[in-house]
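The residues making up each chain are set out below.
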Amino acid sequence: LGETRQVSLSQGDTDLALRMYRPIEKGVTARRLAVVAYGLYASRDYLTRCGGEGKAYLGFDDSLDHSPQQRWLKMLAGERGFTLRSNDITNLLTAARAGLGLAVLPCAVARNDPKLVRVPTKLPPLTRELWLLFHRDVGRTPAVRAVIDHIIEIMTQAKAAFRENSPPGAAA
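Let me begin by describing the structure that accompanies this report.

About the thresholds
Residues numbered from 1 in each chain as written. Predicted model: local features only at pLDDT ≥ 70, side-chain atom pairs only at ≥ 80, totals over all residues. Heavy atoms only, no water. Helix = DSSP H or I, 4+ residues; strand = E, 2+ residues; numbered from the N terminus. Buried < 20%, exposed > 50% of the residue type's maximum accessible area, 1.4 Å probe, protein only. Contact = heavy atoms within 4.5 Å. Areas by Shrake-Rupley, 256 points an atom, 1.4 Å probe, with all protein chains shown as cover. Salt bridge = Lys/Arg side-chain N within 4 Å of Asp/Glu carboxyl O. Pairing = 2+ DSSP bridges. Right-handed = clockwise from strand over helix to strand, strands pointing away.

Looking now at the overall build of the chain. When its secondary structure is counted, the chain shows 5 helices and 7 strands. Each helix and strand of the chain, placed in order from N terminus to C terminus, yields the pattern β-β-α-β-α-β-α-β-α-β-β-α. Sorting the 172 residues of the chain into buried and exposed places 40% on the buried side. Considering only intrachain contacts with a sequence separation of at least 6, the fraction spanning at least 24 residues in the chain is 72%. Of the roughly 9900 Å² that the chain leaves accessible, carbon and sulfur atoms contribute 54%.

Inspection of the secondary structure puts R19 in strand β1 (residues 16-19). You can call R19 buried: its relative accessible area is 7%. Along the chain, R19 and R128 lie 109 residues apart, while their C-alpha atoms are 10.0 Å from each other.

On inspection of all chains with the given rule, the structure shows 6 salt bridges. One salt bridge connects E129 with R32, and the closest N-O pair in it is separated by 2.9 Å. Of this pair, E129 sits in strand β7 (residues 126-135) while R32 is found in strand β2 (residues 28-43), placing the two residues 97 residues apart along the sequence. On the basis of relative accessible area, E129 is assigned to the partly exposed category, the value being 30%. By relative accessible area, R32 is classed as partly exposed at 42%. When the shortest N-O distance is used, the salt bridge between D149 and R145 registers 3.0 Å. One end of the pair, D149, and the other, R145, are both in helix α5 (residues 142-158), 4 residues apart, so they sit about a helical turn from each other. Shared partners join several salt bridges into a network, and the residues in it are D62, D65, K74 and R85.

Our focus in this paragraph is the pairing of strand β4 (residues 82-86). Alignment of strand β3 (residues 57-60) against β4, held across 4 bridges, turns out to be parallel. Bridge pairing links G59 to R85 in β4. Viewed along the sheet, the connection from β3 through helix α2 (residues 68-77) into β4 turns out right-handed.

Below you can see the structure in the form of structure tokens.
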């Protein structure tokens, strides 16, 4: 199940979950998969039109105001409002690529996009942890354990791609 809705492992809503924060649920096993770096990105066209001084910010809507990315972006934007707000990072990526403004995006996604450029900021870089979660009992079943092991293997190989300074073209 791939969505932004919060599901409960302890209530059996799902066997596995990926979350961008350390869990607090009881009976849940958590494995940190990666530290995901974020940066401020805009299209080359947008920066050319704005003379490198972009002021149109693309951020999350009110439902995600609590997210670290949104708080970081609000510090950058100051009193300026947002040109576009969405609850979906794919919409923000698409809007940035289309030249609508500046968006906080995962470096692993944005750095390899030929339309996007990282915009330097005065704020320290933003990072978040990516966690794999599963209920202890479910993690012992062979089928689920195989999926867990496969996810861990893939993420171990790709871990460097999630860092801020990974070279362009690094596997994500």
